[in-house]
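# Notes for the structure review
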Amino acid sequence: MEDFDVIVVGAGPAGIAAGLTAVRNGMKTVVIERGEFPGSKNVMGGVLYTQATAKLVPEFWKEAPLERPVTEQRYAFLHGEDSVSAGYRSPRWAEPPYNAHTVLRAKFDRWLAKKAEAEGVLFITETVVEDLLYKNDGAVIGVRTGRAEGDLLGKVVILAEGVNALIAKKAGLHTQLGPEHVAVAVKEIISLPREKIEDRFQLEQGEGATLELLGDATAGMVGTAFIYTNQDSLSLGIGCLLSEVVKFKANPNDLLERLKAQPLVRKLIQGGETKEYLGHLIPEGGYKAIPKMYRQGVLVVGDTAMLVNGLHREGSNLAITSGIVAGEVAAGAIKSTDVSEQAMSLYQSRLKESFVLKDLYKYRNSAYLFEENPHFFKQYPEMLTKVAHEFFTVDSVPKVDKQKLMWNMVTEMRSKGAIAKDLWKIWRALG
């Protein structure tokens with residue numbers, strides 16, 4: 001059996017970041033990936049935030065296979081054929097050090113893995129890790145793979161296996177996730193000439209935009225839809241809580257087709273050709289769903305640790321940050337010849353000191369806010385569009401009467417007391 005210092009399970013951003021960091025700290029490191037190559041099975045919406053990635057690979061934007069720098073972020077609330085939109089644009093985001101880029105994971109993860117490989121990380125692909133290896137006293141000493149004579153010995157194992165967390169569950173670090181803790185997401189890559197993308201999204205050459213869609217975009221279910229601009233394609237997707245999908249017996253594919261038929265969406269994707277279809281689960285439980293992140297000889301990172309901030313569309317940056325910290329903690333523990341549970345706890349302590357767990361703690365009640373108040377995704381978008389329609393319709397009705405009419409529209413749909421309670425809930429969960 002081959003012997004390593006650090007074994008990483010999973011070659012997504014968290015796993016590659018952990019492996020690269022461990023090697024830079026002098027550790028003999030292997031990353032095991034079940035896909036044909038790193039990124040072949042990895043899926044996300046498609047926005048990569050700059051700061052965390054630049055910490056791992058300084059000025060990565062000069063060579064990484066990125067799509068477009070995001071210079072504008074937009075939101076749209078849909079009801080029927082109506083929509084209310086808002087957004088923010090900053091030309092500064094089009095210049096280094098940027099804020100975020102759209103990416104295609106199959107390209108980006110493969111590039112990042114090659115960077116790690118060039119620095120000494122060994123990648124073993126098309127290999128499934130079945131379990132951890134233990135000594136008689138229960139100490140973790142490596143991993144068991146599905147290959148013949150595929151056991152690998154290691155001093156620390158870092159689990160970056162994604163939201164399913166099969167090994168983390170076997171190790172007693174993770175529990176079975178409830179349907180309210182994960183979202184089902186489906187996504188298409190739709191090819192479109194870059195000139196049409198820039199014209200339809202009103203972008204300067206090479207610039208990118210994101211559009212988040214709420215309300216009728218998800219048929220009123222708790223979730224969001226999105227359109228992200230790539231160089232010569234669009235990433236179009238929709239994600240809803242699994243509990244909502246089960247409750248309404250919804251088919252994610254049907255939801256995606258329904259989304260594509262929405263007037264606002266239809267105009268943006270018109271003439272495009274679907275080149276790729278992807279589906280995956282997204283951790284949505286927030287801070288309260290974070291599992292135990294360490295034990296003797298083991299650390300848990302990225303989606304496996306439920307490190308996703310849905311409100312700010314953050315996942316890859318949390319994954320990479322957790323991977324960097326895990327790689328550093330693993331290396332330090334091995335150098336000190338102490339990989340006990342207490343030594344591994346430094347990982348969680350450091351994440352608590354960082355923005356990762358501080359932000360997730362701040363929004364610890366937000367996941368349950370939306371789950372317990374699904375009317376936010378149905379009533380309020382309808383309310384917004386109806387009020388906007390009346391406000392922007394110029395007719396002979398005096399404005400004082402029009403304002404009363406708009407207020408009556410609102411209170412007929414939701415009482416004053418209920419609206420006040422909703423505002424209080426939002427303030428309490430997000431404030």
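To keep things clear, this report deals only with the structure shown in the data block. On a predicted model such as this, the values are computed, not experimentally measured, just so you know.

### As for the overall build of the protein chain
Of regular secondary structure, the protein chain possesses 15 helices and 17 strands. Its C-alpha atoms give the protein chain a radius of gyration of 23 Å, within 12% of the compact-globule value 22 Å for 431 residues. The principal-axis extents of the C-alpha atoms in the protein chain amount to approximately 85 × 45 × 40 Å. For the protein chain, the residues scored as buried account for 54% of the 431 residues in total. For the protein chain, restricting intrachain contacts to residue pairs at least 6 apart in sequence, the fraction spanning at least 24 positions comes to 71%. Total accessible area on the protein chain is roughly 19,800 Å²; 52% of this is exposed by carbon and sulfur atoms. Here the protein chain carries 52 positive and 53 negative side-chain charges, and the mean point of each set is 4 Å from the other.

### Some details on unusual backbone geometry
Across the junction of Pro96 and Pro97, the peptide omega takes the value 5 degrees, indicating a cis bond. As for its position among the elements, Pro97 is in the loop between strand E5 (82-89) and strand E6 (100-102). Even without a glycine there, the phi angle at Ala165 is positive, about 50 degrees. You will see that Thr337, though not glycine, has its phi angle at about 55 degrees, which is positive. Examined against the element boundaries, Thr337 turns out to sit in the loop between helix H9 (316-335) and helix H10 (341-353).

### Structural notes on the packing of helix H1 (residues 13-24) against helix H3 (residues 105-118)
To describe two helices that pack against each other, one gives the angle between their axes and the distance between the axes. Close contact between H1 and H3 brings their axes to 10 Å; oriented N to C, the two are set at 10 degrees. With respect to each other, H1 and H3 are oriented roughly parallel. Together, Pro13, Ile16 and Leu20 of H1 and Arg105, Asp109, Leu112, Ala113 and Ala116 of H3 make up the contact between the two elements. Of the residues contributing to the contact of H1 with H3, the split by class is six nonpolar, no polar and two charged.

### Considering H10
For H10, with 13 residues, the first-to-last C-alpha span of 19 Å sits near the 18 Å given by 1.5 Å per residue. Of the positions making up H10, those classed as buried are Ala343, Met344, Ser345, Tyr347, Gln348 and Leu351.

### Notes on the pairing of strand E8 (residues 129-134)
For E8 and strand E9 (residues 140-145), the ladder comprises five bridges, and the chain directions are antiparallel. Pairing of Val129 across the sheet is with Thr145, part of E9. The antiparallel hairpin formed by E8 and E9 contains five residues in its connecting segment, where Gly138 sits at a positive phi of about 95 degrees.

### Re the nonpolar core
Phe60, Phe108, Val143, Ile158, Leu299, Leu307 and Tyr347 are the most contacted members of the largest nonpolar core, which has 81 residues in total. Apart from residues lying up to four places away in sequence, Ile158 is in contact with Val6, Ile7, Val8, Val9, Ala18, Leu299, Val301, Ala326, Gly327 and Ala330. Counting residues in each nonpolar core, the second largest holds 26 residues, with Ile197, Leu203, Cys240 and Ile269 among its members.

### Considering the pairing of strand E11 (residues 182-191)
Burial of E11 is extensive: nine of the ten residues sit out of reach of the surface. Pairing between E11 and strand E15 (residues 273-283): ten bridges, direction antiparallel. Among the inter-strand pairings, Ala183 is bridged to a residue of E15, identified as Ile282. Across nine bridges, E11 lies against strand E14 (residues 233-241) in antiparallel orientation. Within E14, the residue paired with Glu188 across the bridge is Leu236.

### Focus: the sheet that holds strand E4 (residues 70-79)
Taking strand neighbours across the sheet as the criterion, the seven strands line up as E5-E4-E12-E13-E14-E11-E15 in an open arrangement whose pairing is mixed. The sheet is open, and its two borders are formed by E5 and E15, each paired with just one other strand. For this sheet the average axis-to-axis angle between neighbouring strands, irrespective of direction, equals 15 degrees. Where strand E12 (residues 208-215) meets strand E13 (residues 223-229), four bridges bridge the pair, whose relative direction is antiparallel. By the bridge assignment for E13, Glu212 is matched with Phe226. In this fold helix H7 (residues 252-260) packs onto E11, E12, E13, E14 and E15, with an angle of close to 130 degrees to the strand it touches most, E14. Of the strands in this sheet, E4, E5 and E12 are in contact with helix H13 (residues 379-392), which crosses E4 at around 90 degrees.

### Some remarks on H3
With 14 residues, H3 ought to run about 20 Å at 1.5 Å a step, and its terminal C-alpha atoms sit 19 Å apart, in line with that. Turning to H3, its buried residues are Arg105, Phe108, Asp109, Trp111, Leu112, Ala113 and Ala116. Considering only its buried residues, H3 is in contact with H1, strand E3 (47-49), helix H2 (50-56) and strand E7 (122-124). Of the residues one or two after H3, Gly120 is the one with positive phi, at around 120 degrees.

The rules behind these values
- Residues numbered from 1 in each chain as written.
- Predicted model: local features only at pLDDT ≥ 70, side-chain atom pairs only at ≥ 80, totals over all residues.
- Heavy atoms only, no water.
- Helix = DSSP H or I, 4+ residues; strand = E, 2+ residues; numbered from the N terminus.
- Rg over C-alpha atoms; globule rule 2.2 N^0.38 Å.
- Buried < 20%, exposed > 50% of the residue type's maximum accessible area, 1.4 Å probe, protein only.
- Contact = heavy atoms within 4.5 Å.
- Areas by Shrake-Rupley, 256 points an atom, 1.4 Å probe, with all protein chains shown as cover.
- Lys, Arg positive; Asp, Glu negative; His and termini not counted.
- Charge placed at Lys NZ, Arg CZ, Asp CG, Glu CD.
- Axes fitted to C-alpha atoms, helices over the stretch in contact; angles between N-to-C directions.
- Parallel < 35°, antiparallel > 145°, perpendicular 65-115°, else oblique.
- Nonpolar A, V, L, I, M, F, W, Y, C, P; charged D, E, K, R; others polar.
- Expected span 1.5 Å × (residues − 1).
- Pairing = 2+ DSSP bridges.
- Core = buried A, V, L, I, M, F, W, Y, C linked by side-chain atoms within 4.5 Å.

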